[in-house]
Amino acid sequence: MKKEDKYKVPQGTIALMIIFIILIIALWGSAYLTMIARGPVG
Amino acid sequence: MHVDRTEKLFIFGSITLIVIFAIAIAISGIAYGIQVPAPYEQVNPNTVSTPGNSPFGAPVDERVRELAPGKYEAYILAQTWVFQPNEIRIPAGSELTLYVTSKDVQHGFLVQRTNINMMVIPGQVSQVTMTFDDPGEYNFVCHEYCGVGHQTMYGRLIVE
């Protein structure tokens, strides 16, 4: 196995991680905006 | 130590995301006034509902009080499997302070479509204040499993 093959960019893993991050931001952001819209409590 | 470029990117992204989330939570607490309900006081669960002992011992229809125009307080006693009172009426635009405690087991208190969500623990009074601007019916439910009748434990907050 050549050295450059050993260190190939893991494109599949990066794609999955990007989907994961987008999902986390979307779900978290949606819950956060819902909380803000419901108004203050204390 | 060698860290691959892709790993560096992921580590940096993860930390950035956590920092952004933490800042957003701080903003919601400081700028928008969204606070976590705090314990208000300690009580004896065995005597808390004894008449004359505490506001939780008052007749059920006297546990919602108008303190001033547009300012109300309600003392809700949770027990298996009922909230007393289980119906609260306030005018729209009122500020309502809820005091909730349990005389038996651990319960939960969640007012649907609002940020009111707290634990109800025997021996502790949980307190939360919110202004209700929008008229309508807001159901409140026990969201901590408390026995076979748990699903029947709910009430209504009516904003008129």
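Look up a bit, the structure's there.
In this report, we go over the structure that sits alongside the text. Worth saying up front: this structure is predicted, and the values here are computed from it rather than measured. Counting starts from 1 at the beginning of each chain's written sequence and moves along it residue by residue. All chains are assigned letters beginning at A, and all ligands numbers beginning at 1, according to the order in which they are written. Given that the model is predicted, a residue must reach a pLDDT of at least 70 before its local features are reported, and side-chain atom pairs must reach 80 or more before they are shown or counted; all residues, however, enter totals for whole chains, interfaces and linings.

### A word on the nonpolar core
For soluble globular proteins, nonpolar side chains are generally found buried alongside one another. Residue and element names in this part refer to chain B. Only buried residues count toward a nonpolar core: Ala, Val, Leu, Ile, Met, Phe, Trp, Tyr and Cys, linked into one set through C-beta atoms within 7 Å. Backbone-placed C-beta atoms define the burial measure: a residue is buried with 20 or more other C-beta atoms within 10 Å of its own, exposed with 12 or fewer, and partly exposed in between. Counting residues in each nonpolar core, the largest one holds 30 residues, and the members touching the most others are Ile76, Ala78, Val100 and Phe109. Only strand S3 (71–79), strand S5 (87–90), strand S6 (94–102), strand S7 (107–111), strand S8 (117–120) and strand S9 (124–132) provide two or more residues apiece to this core. Broken down by element, this core gets its largest block of residues, 5 residues, from S3. Once you skip the residues sitting within four places of it in the chain, Ala78 turns out to touch Phe83, Val100, Thr101, Ser102, His107, Phe109, Val120 and Cys142. Here a helix means four or more residues in a row that DSSP labels H or I, a strand means two or more in a row labelled E, and each is numbered from the N terminus. In this description, a residue-residue contact is defined by the distance between C-beta atoms placed from the backbone, which must lie within 7 Å.

### Observations concerning the environment of Gly29(B)
All names here are of chain B. Note on placement: Gly29 falls in helix H1 (residues 5–30). The class of Gly29 is partly exposed, set by 14 C-beta atoms lying within 10 Å. Once the C-alpha coordinates of Gly29 and Thr114 are considered, the two residues, 85 residues apart in sequence, prove to be 16 Å apart.

### A look at the interface of chain A and chain B
Taken together, the contact pairs 14 residues of chain A with 16 residues of chain B. Think of it as three bins: nonpolar holds Ala, Val, Leu, Ile, Met, Phe, Trp, Tyr, Cys and Pro, charged holds Asp, Glu, Lys and Arg, and polar takes everything else, Gly as well. Of the residues that constitute the side of chain A that touches chain B, the class distribution is 11 nonpolar, 2 polar and 1 charged.

### Looking at unusual backbone geometry
Trans is the common state for peptide bonds, and a negative phi is the common state for residues other than glycine. Residues and elements named next belong to chain B. Residue Trp81 is bonded to the preceding Thr80 through a cis peptide linkage, with omega at -5°. Mapped onto the secondary structure, Trp81 falls in the loop between S3 and strand S4 (82–84). Unusually for a residue other than glycine, Arg113 sits at a positive phi of about 65°. Along the polypeptide, Arg113 turns up in the loop between S7 and S8.

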